[in-house]
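Observations on chain architecture
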Amino acid sequence: MTLEEVQSLAQEALTPNYSRLPVAFVRGYGTRLWDTDGKEYLDFLTGIAVCGLGHCHPKLTAAIQHQASMLWHTSNLFHNPLQAKLAKRLSDLSGGYKCFFCNSGAEANEAALKLARKIGNEKLGGKWEIIAAIDSFHGRTYGALSVTGQPKYHHGFEPLLPGINFVPFGDAEAVEEAITDKTCAVILEPIQGESGVRVPPEDYLPKVAEICRERGVLLILDEVQTGMGRTGKLFAFQHYGIQPDIFTLAKSIAGGFPMGAMLAKPEWAEVLQPGTHASTFGGNYLACAAALAFLDVLEEEKVLENVQQMGNYLTAKLKQLNAPIKEVRGKGLMVAVEFTEPIAPKVRDACLKAEPIGLVVNAIGDYILRFLPPLTVTPEEIDQAIEILQQALSTVLNP
Ligand SMILES: Cc1ncc(COP(=O)(O)O)c(C=O)c1O
């Protein structure tokens, strides 16, 4: 199919809720993508932090192929060896949490919010309000949307869940002041991803964790974007020496295969007795096989070390760009450049159009470019991406 044929079909048959860039990819390997014309791209977005090992990693592909020939799905009416194995692995890696599996980030957050409400109602004396952060993003289902602190995503969908109070991100005192005798939980991203890679002060999460403990409020961390190695630790909370009550994962958990997870401390997990929550597809064999293979590769290929090294390398290279840069920020391989001029969309487009090799990056608003390359990215690929980016910047700045 040509790009024009794809666009025409999409216009005819898809709901128009995405504004898509004029490219259709048909193949990927490692950090590389190829489009319908056979043009090559470096992928520094990975499907928005999803394909953590790049595209079609041989071990992940082999695991999915093997499992596809064995068994795909039986439902959660029965035991599932791969699901139990994956849960034990994540539990050991996180410090003893219990897992509920679903299929996306929004669903994982939905499970976390429902669990927090149930704990609040049953164990905390009838607490049900939730504190969330301004500019947060937690997903598009009603619960997740209700705690998303960006009114533009709420418009037209009201009324949302009641009892949500928003506070500025990065300000622990604001959390403390917002807690009432009805607050059951605080939900936060360790680093706000969708609003432009906003990194809070180093002492923010430890302080919030302390406040939550003192005030008897649950701390939920949304690690959908920051989790599974993206920031250089398996979970971002591990940078801060804290343990949230509940945390959520999705995106890269199965290296690109759709999966989400909610992990809760055992004393809270017990609240989810049979029949209280469920997902038909959650933790199916294919997703679990992919997630187990993802964890194997993470360990075998020392991927977390690579994230730390390449994160530093990419950040240093971005700081050296000849461009009107206000700030380069991030952790590990979750990095953003904020410009002083509204050039981000034009730079993104110029990167995509670059010849002979394009570069896929993400623009957030007019000023921010976000970089989420594979966790396996190499220095040579970063050098090549920076070259394309510098060229794109020069084209945009000197038309
Ligand atoms: C922090 C965070 N939470 C939740 C979500 C929603 O995930 P999904 O699109 O899989 O529902 C996202 C998606 O970008 C996210 O970045």
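Note that the structure is predicted; figures quoted are calculated from it, not measured.

**Focus on the nonpolar core**
Of all hydrophobic cores here, the largest spans 118 residues; its most connected members are A116, V186, I220, A261 and A290. Sort the elements by how many residues they give to this core and helix α10 (residues 285–300) lands first, with 11 residues. In this structure, I220 is in contact with A112, A116, A185, V186, I187, P244, D245, I246 and F247, ignoring residues within four places of it in sequence.

**Overview of the packing of helix α3 (residues 58–68) against α10**
Contact geometry of α3 with α10 gives a least axis separation of 9 Å together with a crossing angle of 150°. As far as their axial angle goes, α10 and α3 are roughly antiparallel. When you trace α3 past α10, the crossing you get is right-handed. Contacts from K59, L60, A63, I64, Q67 and A68 of α3 reach α10 at Y285, L286, A289, A290, A293, F294, D296 and V297. For the contact of α3 with α10, a count of residues per class yields 11 nonpolar, one polar and two charged.

**Some points on the sheet that holds strand β14 (residues 362–364)**
Spatial ordering of the open sheet is given by β11-β12-β15-β14, a layout of four strands whose pairing is antiparallel. Only two strands of the sheet have a single partner each, and these edge strands are β11 (325–331) and β14. Within the sheet, the average angular offset between the axes of one strand and its neighbour, ignoring direction, is 25°.

**Section: the site of the ligand**
In the vicinity of the ligand there are 15 residues, among which S104, G105, A106, G139 and V224 approach most closely. Of all the elements, helix α5 (residues 105–122) adds the most residues to the shell around the ligand, at three residues. Taken together, the residues of the shell around the ligand break down into five nonpolar, seven polar and three charged.

Quick notes on the rules
- Residues numbered from 1 in each chain as written.
- Predicted model: local features only at pLDDT ≥ 70, side-chain atom pairs only at ≥ 80, totals over all residues.
- Core = buried A, V, L, I, M, F, W, Y, C linked by C-beta atoms within 7 Å.
- Buried ≥ 20, exposed ≤ 12 C-beta atoms within 10 Å, placed from the backbone.
- Helix = DSSP H or I, 4+ residues; strand = E, 2+ residues; numbered from the N terminus.
- Contact = placed C-beta atoms within 7 Å.
- Axes fitted to C-alpha atoms, helices over the stretch in contact; angles between N-to-C directions.
- Parallel < 35°, antiparallel > 145°, perpendicular 65-115°, else oblique.
- Left-handed = near helix turned anticlockwise from the far one by under 90°.
- Nonpolar A, V, L, I, M, F, W, Y, C, P; charged D, E, K, R; others polar.
- Pairing = 2+ DSSP bridges.
- Near = placed C-beta within 6 Å.

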